[in-house]
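Overview (structure and organization)
Residue strings, one per chain:
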Amino acid sequence: MTESSNRSPSAAAVPAPERPQDCGTFRHDLRNALAPALLCADILGSHKDKAVQRNAQTIIDALENALKLLKNSTSSR
């Protein structure tokens, strides 16, 4: 099988210069989608219940890790 036959039809139809912009738009939109979750987790982090604080920190850590991955994928392109 050749490399061109492994590509999806929609990827082949999009001109090459537009693909990185589409990825950038996706990363931007994904960061915007994660922002409210991070804000809510930050608020929960100040809850008086220690179990809620621990769970909020787990959510914060996961979201920050996802945001780092997005940032690294942006800087590597």
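Definitions and limits used
Residues numbered from 1 in each chain as written. Predicted model: local features only at pLDDT ≥ 70, side-chain atom pairs only at ≥ 80, totals over all residues. Heavy atoms only, no water. Helix = DSSP H or I, 4+ residues; strand = E, 2+ residues; numbered from the N terminus. Contact = heavy atoms within 4.5 Å. Areas by Shrake-Rupley, 256 points an atom, 1.4 Å probe, with all protein chains shown as cover. Core = buried A, V, L, I, M, F, W, Y, C linked by side-chain atoms within 4.5 Å. Buried < 20%, exposed > 50% of the residue type's maximum accessible area, 1.4 Å probe, protein only. pLDDT = per-residue confidence, 0-100.

Helix and strand counts for the protein stand at four helices and zero strands. Overall, the protein shows an N-to-C arrangement of helices and strands of α-α-α-α. Across the protein, the fraction of contacts at a sequence separation of at least 24, relative to all contacts at a separation of at least 6, is 53%. When the accessible surface of the protein is totalled, it reaches about 6,100 Å², and 60% of it is carbon and sulfur.

On to the nonpolar core, then. Nonpolar side chains in soluble globular proteins tend to end up buried together. In this structure, Leu-34, Leu-38, Ala-41, Ile-60, Leu-63 and Leu-70 together form the largest nonpolar core, which totals six residues. Looking at this core, the elements with two or more residues in it are α3 (18-44) and α4 (50-75). Contacts of Ile-60, omitting those with residues within four sequence positions, involve Leu-38, Ala-41 and Asp-42.

Our focus in this paragraph is the confidence of the model for the protein. Taken as a whole, the protein shows an average pLDDT of 80; of its residues, 68% reach a score of 70 or greater. Ranking the elements of the protein by mean pLDDT puts helix α1 (residues 3-6) last with 48 and α4 first with 91. Counting contacts from residues 1-5, a segment whose pLDDT is below 50, to residues more than four positions away or on other chains yields one contact.

Moving on to the environment of Asp-42. Mapped onto the fold, Asp-42 is located in helix α3. Along the sequence, Asp-42 and Ile-60 sit 18 residues apart, while their C-alpha atoms lie 7.1 Å from each other.

Turning to its location among the elements, Ala-41 is positioned in helix α3. The sequence separation of Ala-41 and Asp-61 amounts to 20 residues, and the corresponding C-alpha distance is 9.8 Å. Ignoring sequence-local partners within four residues, the contact set of Ala-41 consists of Ala-56, Ile-59 and Ile-60.

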